[in-house]
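The residues making up each chain are set out below.
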Amino acid sequence: MEMNIDELNEKFGIEGEVGFMELDGDLPFITITNKYAEADICLYGAQITSYRPMRTTEVLWMSPYSVFEKGKAIRGGIPVCFPWFGPHASDSALPQHGFARTSMWEVTGVDTLEKGETCVSMQLKSSEETKAYWPHDFVAEMTFVIGDSLSVTLKVTNPSDEAISYTSALHTYFNLSAIENIKIAGLANTHYENQLDGNRYVQEEELLEISEATTRHYFDTEADCIILDPYFKRDIRIAKEGSKCSTVWNPGAEACEQMSDMPNDGYETFVCLETVNKINDQIDLAPGESHETTAVISVE
């Protein structure tokens, strides 16, 4: 049963640290302030929209034109793509990136950890609504740990007596000084699929620079990636577990102009570096099995 703001505050609020409120539209958010950082997480989509460590500026990018209403995806932060990433494999009429990012999630726990970090967990279970899109039983859990770093985990459990398969992504939008200022380390000598031409390549350059529309799915990689942003005087490290695929996406000028929920110059100040299960890293779960996909984001 969906709880209202007062009920959520009564059950899960922590004075001076965690509160619930409607920030955008009528959607409920958790706002977190601790000694390390501030953060906002929307219960719709279990989507973190802001992570602001005390020692640097905002790490996540949000479109100023993002629409905060049920039935629409939120543009920015960390959308959760599940139970498929990208278009559905066989039915293009089904929603892009699955239904997790446009579902209301239930808060299951809020705790202060030993060193003062804040841990928030949420859950989405299969229902008649989800089975209209995907005919399987599942329990999906999102866990956020907000501290000196941001840890985000998607755990999927198969409670049924039949095997299930899914693809997923933590589709993180990173806030940049400017796309032309940054370089991405960690992907040298890695195989990738270029979604824009359908071919496969190996990245030869040590550091990736982005000067045009880019959609690259790097596979067979569990390496940390680092976004080097000298103008913001920071490097953002993305470490991960349970994922062998990393996606780098920037729409470029032309595609950006076609997006109603993004300014025409929006592409200039973000890059998506995503923690992905796809290509040869589809997740297959036997009855009773679980899989965890984790991204840990830290500023250096």
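In case you missed it, the structure is sitting above this.
**Student:** Would you take a moment to explain the state of the cysteines for this structure?
**Tutor:** Among covalent bonds in proteins, the disulfide is the one between the sulfur atoms of two cysteines. For the coordinates displayed, the defined rule picks out zero disulfides. In this structure C119 is not part of a disulfide, and its nearest cysteine sulfur, from C42, lies 18 Å away.

**Student:** Sorry if this is basic, but what is going on with the side chain of R101 here?
**Tutor:** Within the secondary structure, R101 is located in the loop between strand 5 (80–81) and strand 6 (106–112). One buried charge, R101, has no salt-bridge partner; the nearest side chain with opposite charge is D261, at 7.4 Å. Of the polar contacts made by the side chain of R101, one reaches the backbone oxygen of Q96; its length is 3.2 Å. Not counting chain neighbours up to four residues away, the residues in contact with R101 comprise Y44, G45, Q47, A73, P79, V80 and Q96.

**Student:** How do you make sense of unusual backbone geometry when you look at a structure like this?
**Tutor:** For residues besides glycine, phi is generally negative; the peptide bonds are generally trans as well. The linkage connecting F82 with the following residue, P83, adopts the cis geometry, with an omega of 5°. As for its position among the elements, P83 is in the loop between strand 5 and strand 6. With a phi angle near 50°, K233 is a residue other than glycine that sits in the positive phi range. Mapped onto the fold, K233 is located in the loop between strand 18 (225–229) and strand 19 (234–241). Since its relative accessible area comes to 74%, K233 is described here as exposed.

**Student:** I keep staring at the environment of D111 and nothing clicks. Help me out?
**Tutor:** In this structure, D111 sits in strand 6. With residues near it in sequence (within four places) discarded, D111 still touches I14, E117, T118 and C119.

**Student:** What should I look at first to understand the packing of aromatic side chains in this one?
**Tutor:** Aromatic ring pairs: the centre-centre distance and the angle between the two ring planes describe each pair. In this structure the tally under the stated criterion is 17 aromatic pairs. For the pair F82 and Y166, a centre-to-centre distance of 5.2 Å together with 70° between the ring planes defines the contact as edge-to-face. Of this pair, F82 sits in the loop between strand 5 and strand 6 while Y166 sits in strand 10 (residues 164–166), and the two are 84 residues apart along the sequence. Measuring from centroid to centroid gives 5.8 Å for W134 and F138, while their planes differ by 55°, and the two rings are tilted. Given a relative accessible area of 1%, F138 falls into the buried group. Here the aromatic residues F82, W84, F99, Y133, W134, F138 and Y166 are joined through ring pairs into a cluster of three or more.

**Student:** What is the right way to read the pattern of salt bridges from this model?
**Tutor:** It is possible for side chains bearing opposite charge to pair when their charged atoms get close. With the rule as written, the count across this model stands at ten salt bridges. A salt bridge links R52 to D40; the shortest N-O distance between them is 3.6 Å. In this pair, R52 is assigned in strand 4 (residues 47–53) and D40 in strand 3 (residues 37–42), connecting sequence segments twelve residues apart. What makes D40 buried here is its relative accessible area of 14%. Here E58 ties to R52 by a salt bridge, and the two come within 3.8 Å at their closest N and O atoms. Owing to a relative accessible area of 16%, E58 belongs among the buried residues under this scheme. Several salt bridges converge on common partners, so that one network encompasses E38, D40, R52 and E58.

Rules behind the numbers
Residues numbered from 1 in each chain as written. Predicted model: local features only at pLDDT ≥ 70, side-chain atom pairs only at ≥ 80, totals over all residues. Heavy atoms only, no water. Disulfide = S-S within 2.5 Å. Helix = DSSP H or I, 4+ residues; strand = E, 2+ residues; numbered from the N terminus. Buried < 20%, exposed > 50% of the residue type's maximum accessible area, 1.4 Å probe, protein only. Lys, Arg positive; Asp, Glu negative; His and termini not counted. Salt bridge = Lys/Arg side-chain N within 4 Å of Asp/Glu carboxyl O. Polar contact = N/O pair within 3.5 Å; in protein donor to acceptor, adjacent residues only side chain to side chain. Contact = heavy atoms within 4.5 Å. Phe/Tyr/Trp six-rings, centres within 6.5 Å; stacked < 30°, edge-to-face > 60°.

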